[in-house]
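Close look at the chain arrangement
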Amino acid sequence: MELHIRGYHNVFLLLVVSYYFLVLNHICAQQMSSAGRLYPLYDSSKCPWVSESFLCVPNGRPDKDYLKYRWSPSGCDAPRFDAEDFLRRYTGKKIMFVGDSISNNQWQSLTYSIWDKIQEENKSYKDLDRLVAFTKGLTTWSKWVDNNIDPKKTQVFYQGISPAHLDGNDWGSPGTNCANHTTPINGTVYPGSPTPVVAVVKQVLSRMSVHVNLLDITTSSQLRIDGHPSIYANRGQTAHDCGHWCLAGVPDTWNSLFYASVVLSENV
């Protein structure tokens, strides 16, 4: 994540917002009420990048009522979160979250509250196909690079798609996931279906005027079903992480590829 602070305006805005909610908490007695079908604001199981430790329902929490409660101040009117209105108010502005894992918790909540609202220039799309949204987002990034990066001064590297190994059906081992494997897939060809976003990345990069070095890590990482933290993501062995990677491990290969790309580019 790149943080670029042009001045104090955005930080001041955040302090004002935080102070407003602090005052509201002290002035208005906090109470909870069931909001029925209005909540939750989003289905976290459909959010592909939310941290696993926040995914209570997919992780097996059986009760669901907690998803429908909302905070309602006594004697004050707190409007329901409106994603389209929020995007309209903050178009062209920056919001910066600074803090620890709790701040990360709020940041992920905000991103998924507005995730089904995709903004493209003056148009706002709802429930846009995720592959289409990814293509639009990557295309926007590519245009920014083409318009702002001088390839004589700056080299651009794009890390390819890192795979997850959640379902053994994808690689011919039904009923398993990364936790059941301690050796890589034998061979050099991944037996599962192609990853659609890989084709999107290559297509978008090929149209750019600025040369981008693609670190194509996907296939080599797909073979490493053994390389995830799995239950060892914490010392209590209560986690289930088949998306990230152990260190030392697979990311070291990515950096070897990165290093080789730098060396070879300097020798051209």
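Summary of the structure given here. As the structure is a computational prediction, the values presented were derived from the model and not from experiment.

The next thing to look at is the side chain of Ser221. Within the secondary structure layout, Ser221 lies in helix H6 (residues 218–222). On the accessibility criterion, Ser221 (0% relative accessible area) is buried. Each residue touching Ser221, except ones within four places of it in the same chain, is listed here: Pro163, His165, Trp245, Val250 and Trp254.

Further remarks concern the packing of aromatic side chains. Within a pair of aromatic rings, the relevant descriptors are the distance that separates the centres and the angle that separates the planes. Under the defined criterion, the tally for this structure stands at four aromatic pairs. Look at Phe81 and Phe86: their rings are 5.5 Å apart centre to centre, the planes differ by 35°, and that puts the pair in the tilted class. With relative accessibility at 28%, the residue Phe81 sits in the partly exposed group. Its relative accessible area of 18% is what places Phe86 among the buried residues.

In this section: empty space enclosed by the protein. Inspection of every chain in the model, using the stated rule, returns one cavity of 30 Å³ or more. The calculated volume of the largest cavity comes to roughly 40 Å³. Contributing to the lining of the largest cavity are Gly160, Ile161, Val198, Val201, Lys202, Leu214, Asp216 and Thr218. Here the element with the most residues in the lining of the largest cavity is helix H5 (residues 196–206); it accounts for three residues. Among the residues making up the lining of the largest cavity, the classes are represented as four nonpolar, two polar and two charged.

On to H5. Every buried residue belonging to H5 is among Val198, Val200, Val201, Val204 and Leu205, and all of these are buried. Projected down its long axis, H5 shows its buried positions confined to an angular sector of 160°, all on one face. Looking at H5, the residues exposed on the side facing more than 90 degrees away from the buried face are Pro196 and Ser206. On the buried face of H5, the contacting elements are helix H4 (130–148), strand E5 (156–159), strand E6 (212–215) and H6.

This part covers the state of the cysteines. Evaluation of the coordinates by the stated rule reveals one disulfide. Covalently, Cys178 is tied to Cys242 through a disulfide, its sulfur atoms 1.9 Å apart. An S-S torsion of about -80° defines the bridge between Cys178 and Cys242 as left-handed. With a gap of 64 residues between them, Cys178 in the loop between E5 and H5 and Cys242 in the loop between H6 and helix H7 (250–267) connect regions that are remote in the sequence. Each member of the pair Cys178 and Cys242 is classed as buried. The thiol of Cys246 is unpaired, and the distance to the nearest cysteine sulfur, on Cys178, comes to 8.6 Å.

Contact geometry of H4 with H5 gives a least axis separation of 10 Å together with a crossing angle of 25°. As judged from the angle between their axes, H4 and H5 are roughly parallel. Of the two elements, H4 crosses H5, and the hand of that crossing is right-handed. Here Leu131, Phe134, Thr135, Leu138, Thr139, Trp141 and Ser142 of H4 lie close against H5, whose contacting residues are Pro196, Val197, Val200, Val201, Val204 and Leu205. Tallied by class, residues from the contact of H4 with H5 come to ten nonpolar, three polar and no charged.

Cut-offs and rules
- Residues numbered from 1 in each chain as written.
- Predicted model: local features only at pLDDT ≥ 70, side-chain atom pairs only at ≥ 80, totals over all residues.
- Heavy atoms only, no water.
- Helix = DSSP H or I, 4+ residues; strand = E, 2+ residues; numbered from the N terminus.
- Buried < 20%, exposed > 50% of the residue type's maximum accessible area, 1.4 Å probe, protein only.
- Contact = heavy atoms within 4.5 Å.
- Phe/Tyr/Trp six-rings, centres within 6.5 Å; stacked < 30°, edge-to-face > 60°.
- 1 Å grid on protein atoms, 1.4 Å probe; cavity = no way out; pocket = protein on both sides within 12 Å on 5 of 7 lines; lining within 4 Å.
- Points joined across faces, edges and corners; volume = space filled by probe spheres on them.
- Nonpolar A, V, L, I, M, F, W, Y, C, P; charged D, E, K, R; others polar.
- Arc of directions from axis to C-beta.
- Disulfide = S-S within 2.5 Å.
- Axes fitted to C-alpha atoms, helices over the stretch in contact; angles between N-to-C directions.
- Parallel < 35°, antiparallel > 145°, perpendicular 65-115°, else oblique.
- Left-handed = near helix turned anticlockwise from the far one by under 90°.

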